[in-house]
Every structure is written in structure tokens, then in C-alpha cells.
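Fold and geometry: a report
Take a look at the letters that make up each chain.
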Amino acid sequence: MDAREVALLALNDCQRQGGWSDTVLKKRLASAGLNSRDGALTTQLCFGVLQNQLLLDFYLSRFSNLPLKRMEGKVVEALRLGAYQMLFLDKVPHSAAVNVSVELTRKHCKNPRAAGMTNGILRSLERNLEQLPAIPQTDPACYLSTLYSHPEWLVRELLAALGSEETARLLAANNGRVPITAMANTVKITVEELAKSLEEEGAAVQFHPWLADCLILERTGDLSRLAAFQEGLFYVQDPASKLAALALDPKPGMKVLDCCAAPGGKSFACAIQMEGKGEVLSCDLHPHKKKLIQAGASRLGLTNITPMTADGKVFCPDWENTFDRVLVDAPCSGLGVIRKKPDIRYKDPASLDGLPGVQRAILDNAARYVRPGGVLVYSTCTLLCRENEEVALGFLTAHPQYRMEGFPLPECVGDARRGMLTLWPHRQGTDGFFICKFRKEE
């Protein structure tokens, strides 16, 4: 089984089973046993198709007499794979892209005529690559939705918030390459020593331009095979997530609660900021994620983290007024991490309607755990105002004992003196992320 076949099957799994692409792809790659080079190609193909799906479908539909929605699922994915390679990959000969898609269709599809149809559609596309059909521009939202393969409802919300030029920049950034950012475990090693260690293992290393103790990595191969990873010298985290932990500002010896912690990155950041002293109670609703947090903490040697299973919406009387710092990184739509999970953009928007209620319930409950004078931080990895500013301001109205408090940031990142900050992929180069800091009165 080669890279393109694994990509086809992974894409079909995503469509048929509704699974998230990163999880589905990991399973397919593990079962296929591809080498690192072919594994990287499979990932590029799978993510590339998902990132550009609406655009690919727009072009394919112009060269097909049969609507894509009436075709067998694997036929559609084979067509998308062929079109993606012709439109976006310079090193793949067009004839090879067509031929492989035809063979995949012949091997995996039930309709005996599917291979011929795939060949005809992709050959027509190939002949017209220099004069592709124009995307209608009468409606800016429809145009940007097709060009950047984001759902129209989301594009309209972004246009209202950002305007057309900046929305286009954001959508392009969502389809771009995501750098690997490694946070040094400064309990064990300095960032300079970590950089040297990783370079000795063959990785390309750069210091992050505005975040301390953070490295940008390339040419790492499988991160888990690096000695520096196995020895717990670093963990992978987006800079935006690290900023949430910095806003919380945990000190050595404090008692910290991370309410929605899995997979544990912010708990790790807090424990390291606390120099391994004090206690971080790292909670998640799902029991299997407790093991995930514990495994990460054990690898990093962070013995001041205690993972446990708990529902953030359910009050625990023993915790009332006992924590110096409480972090609520709430369940959200995830629309700020489209760069890493491209299929999140295709979620049914109706399924997101109840999220602000869940977020407020967790935030209201967590507020009871903060001791007088303590800090509560609310964060999400989404860009929707109704999950961010509206939740935070609603909480503040309902809880007069809290006030927003500003937190310091590198000047190039933004101004959080009001106590709220939204980070954007096209502005800061991070995940889309929201952070709000509250202080409880003494």
C-alpha cells in the first residue's frame, strides 16, 4: 500500500465515519507501515485535500456531467486527490496524478465504469489547467468560501469582524503550514541547551521570535524517537496556549486547578513555571484522558501534577475557595485550530449552538474554587465572539466579586491591558485563541 492509497482510505474514513482527520490518519499510517517519507506524503495529501476541498469540488464539478454528491465516496476522494496534485503539487507529473487516481478507483470502487469516468474528468481538468473556470465574485462571502474552502457561514462571520482583506489573509493562513513549536522543560534544561541537543540529533532549530523558552523545529522526523523527547526535555505546544499559562501566572508553591486539562499542555506549562513546587490538579471529564495527562507528566518528570477525572460543571465542595489559580480552557468549536485540524471547518454549525452555555456553566462553577485574591483565566481555541467575549462579559456581569485584570505580553503580540486578548493565525502566527484574566476580590 502506497502513500496515495493510504490517503484515499483515510479521506474516505473521515467522510464515512465522521472521524477527525488527525486521529483517522494516525490509525491508517500505523496499519500501513509506511516509511517516514511516504508517511509525510500521505499526510500532505490528506490535509491538502481537506484544506482545499470546496475549491477542488468547484473545479471537478465543472468537468463532470454527474454531480459529485451522486458518486460513490471513494470515487470522489480519488478525484480530489488527482485534482489536488495537479493544482497544488509541482513535483508530481499530471499524467501520474491522473493514472494513480484511475487505478485507485479501479481497485477500490464498486462501479466498473468509475475508472473511466475518473479518467475523463481528470483529463479534462488537465487540459484546462491554464484556463480554469472563474469563481464567481458577485458575493464576496461565496467567493472567499470557494477560494479558501471555508464554509460560507463562517466566512460571513469573519467578514463582519475583520473585513474582506483581513478575512482573506486569515483564511489563507488557515490553509498554510503549521510550524512545530517545542517548549523547553526548564526544570531539567535551559532552552539554549535544548537547542544544542536537538541540533545534535539532526533537527533544524530556531529560537521563537517573541516567546521565551520556545523553539521552532524542522526536519525532526518522528518526534517521539528523539532522545530529547524521551528524556522529557521538551513538550510540543502552540505559543498561544503557552500565553494562557503565562497569563495565569502560577508561582512556586501555589495550588493550581486546570479544569479541562487534556492533553495536558497548559498543566505542564504551569508546573514548569512553578519550578516543580506546589500542586497542579489537572482534570478532565473523560477517564482515558487522565492516563494521557499522567503519561506526559511522567515523561517530563513533573511530579507536582495530579491528574484526575472530574466534570467541570459539577461543584466539588472540598475545593471551594482553595485554589490560588484556576484555568478554564473550555470545550469550544475549535475554529482557531483549523490549520492543524482542517476538517473542523466542515462541522455542522447547528452543533455549536450549545457551546456558550456549557462554557458559562464551567466558568461559573470554577469561579467558586478561586480563593479571595486569586486568579481565574478563561481561554478557548476559537475565534467566535459568542464563545469568547460574550461569555467573558456575561460572566463578569454575573460575578461582581471578579474584575478583569491585564497581563503583560511581548509588544509585537498585542495589548492585553484590558484583560482580554484574541490571537489570530494571520497576525501572530499562532492558533486562533482567546484569553481572559479575572481577579477575585480579597
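Look up a bit, the structure's there.
Residues numbered from 1 in each chain as written. Predicted model: local features only at pLDDT ≥ 70, side-chain atom pairs only at ≥ 80, totals over all residues. Heavy atoms only, no water.

**A short note on the overall build of the chain**
Spelled out, the test is: Under the DSSP-based scheme used, a helix requires at least four consecutive residues in state H or I and a strand at least two consecutive residues in state E, with every element numbered from the N terminus. Put simply, the radius of gyration uses C-alpha atoms, and a globule should come to 2.2 Å times the residue count raised to 0.38. Note on classification: 1.4 Å probe, protein chains only; a residue is buried when its accessible area is under 20% of the maximum for its type, exposed when over 50%, partly exposed between these limits. Computed with the Shrake-Rupley method and a 1.4 Å probe, the accessible areas treat only the protein chains shown as cover for residues. In this tally, Asp and Glu contribute negative charge and Lys and Arg positive charge; neither His nor the terminal groups of the chain are included. A single reference atom marks each charge: NZ on Lys, CZ on Arg, CG on Asp, CD on Glu.
Along its length, the chain carries 18 helices and 12 strands. Against the 2.2 N^0.38 benchmark of 22 Å for 442 residues, the chain shows a C-alpha radius of gyration of 24 Å, consistent with a compact globule. Each principal axis of the C-alpha atoms in the chain carries an extent, and together these give about 75 × 50 × 40 Å. When the 442 residues of the chain are sorted by exposure, 54% land in the buried category. Put simply, the chain shows about 19,800 Å² of open surface, and 50% of that area lies on carbon and sulfur atoms. Within the chain, one finds 52 positive and 50 negative side-chain charges whose respective centroids are separated by 4 Å.

**Description of the nonpolar core**
Condition: Nonpolar cores are built from buried Ala, Val, Leu, Ile, Met, Phe, Trp, Tyr and Cys residues. Side-chain atoms within 4.5 Å join them into one set.
Residues Leu60, Leu79, Leu81, Leu122 and Leu125 are the most contacted members of the largest nonpolar core, which totals 42 residues. When contributions to this core are tallied by element, the ones reaching two or more residues are helix 1 (3-17), helix 2 (21-32), helix 3 (36-51), helix 4 (53-62), helix 5 (73-88), helix 6 (94-108) and helix 7 (114-127). Among the elements that make up this core, the one with the highest residue count is helix 5 (8 residues). Counting residues in hydrophobic clusters, the runner-up holds 37 residues, among them Ala244, Leu248, Val280 and Val377.

**Side note on the pattern of salt bridges**
Convention followed: The term salt bridge refers to a side-chain nitrogen of Lys or Arg lying within 4 Å of a carboxyl oxygen of Asp or Glu.
Per the counting criterion, the structure on display carries 26 salt bridges. With a shortest N-O distance of 2.6 Å, Arg156 and Asp139 are connected by a salt bridge. Linking Arg156 in helix 9 (residues 152-162) with Asp139 in the loop between helix 7 and helix 8 (140-148), this pair joins segments that are 17 residues apart in sequence. A salt bridge links Lys340 to Asp238, with the nearest nitrogen and oxygen atoms 3.4 Å apart.

**With respect to the pairing of strand 8 (residues 323-329)**
Quick note on the threshold: Look down the strands so they point away from you; if going from the first strand over the helix to the second traces a clockwise path, that crossover is right-handed.
Where burial is concerned, most of strand 8 is hidden: 7 out of the 7 residues are buried. With helix 16 (residues 355-367) bridging strand 8 and its parallel neighbour strand 9 (residues 370-380), the resulting β-α-β unit is right-handed.

**Some thoughts on the packing of helix 1 against helix 6**
Rule in force here: Comment: axis = line fitted to C-alpha atoms, over the contacting stretch for helices; angle = value between 0 and 180 degrees taken between N-to-C directions. Orientation labels follow simple angle bins: below 35 degrees gives roughly parallel, above 145 gives roughly antiparallel, 65 to 115 gives roughly perpendicular, and whatever is left gives oblique. When the near helix sits turned anticlockwise from the far one by under a right angle, the crossing is termed left-handed; a clockwise turn instead gives a right-handed crossing. Whether two residues touch is decided by their heavy atoms; if any such pair falls within 4.5 Å, the residues are in contact. Just so you know the grouping, Ala, Val, Leu, Ile, Met, Phe, Trp, Tyr, Cys and Pro go in nonpolar, Asp, Glu, Lys and Arg go in charged, and all remaining residues, Gly too, go in polar.
Where helix 1 contacts helix 6, the axes come no closer than 11 Å and their chain directions differ by 55°. By the angle class used here, helix 1 and helix 6 are oblique. The crossing of helix 1 and helix 6 is right-handed. Across the interface between the two elements, Arg4, Glu5, Leu8 and Leu9 from helix 1 touch Val100, Leu104, Lys107 and His108 from helix 6. Its residues placed into classes, the contact of helix 1 with helix 6 shows 4 nonpolar, 1 polar and 3 charged.

**Quick notes on the sheet that holds strand 1 (residues 180-184)**
Put simply, the rule reads: Strand pairing is assigned whenever DSSP identifies at least 2 bridges connecting the two strands.
Here we have 4 strands laid out as an open sheet, ordered 2-3-1-4, and antiparallel in their pairing. Two strands bound the open sheet, and with one partner strand each, they are strand 2 (204-207) and strand 4 (234-236). Pairwise comparison of adjacent strand axes, ignoring direction, gives a mean angle of 35° for this sheet. With 4 bridges joining them, strand 1 and strand 3 (residues 214-218) adopt antiparallel strand pairing. Within strand 3, the residue paired with Thr181 across the bridge is Ile216.

**Comments concerning the side chain of Thr146**
Checked against the element boundaries, Thr146 lands in helix 8. Overall, the relative accessible area of 17% leaves Thr146 in the buried class. Beyond its immediate sequence surroundings of up to four residues, Thr146 is in contact with Leu54, Leu55, Phe58 and Ile135.

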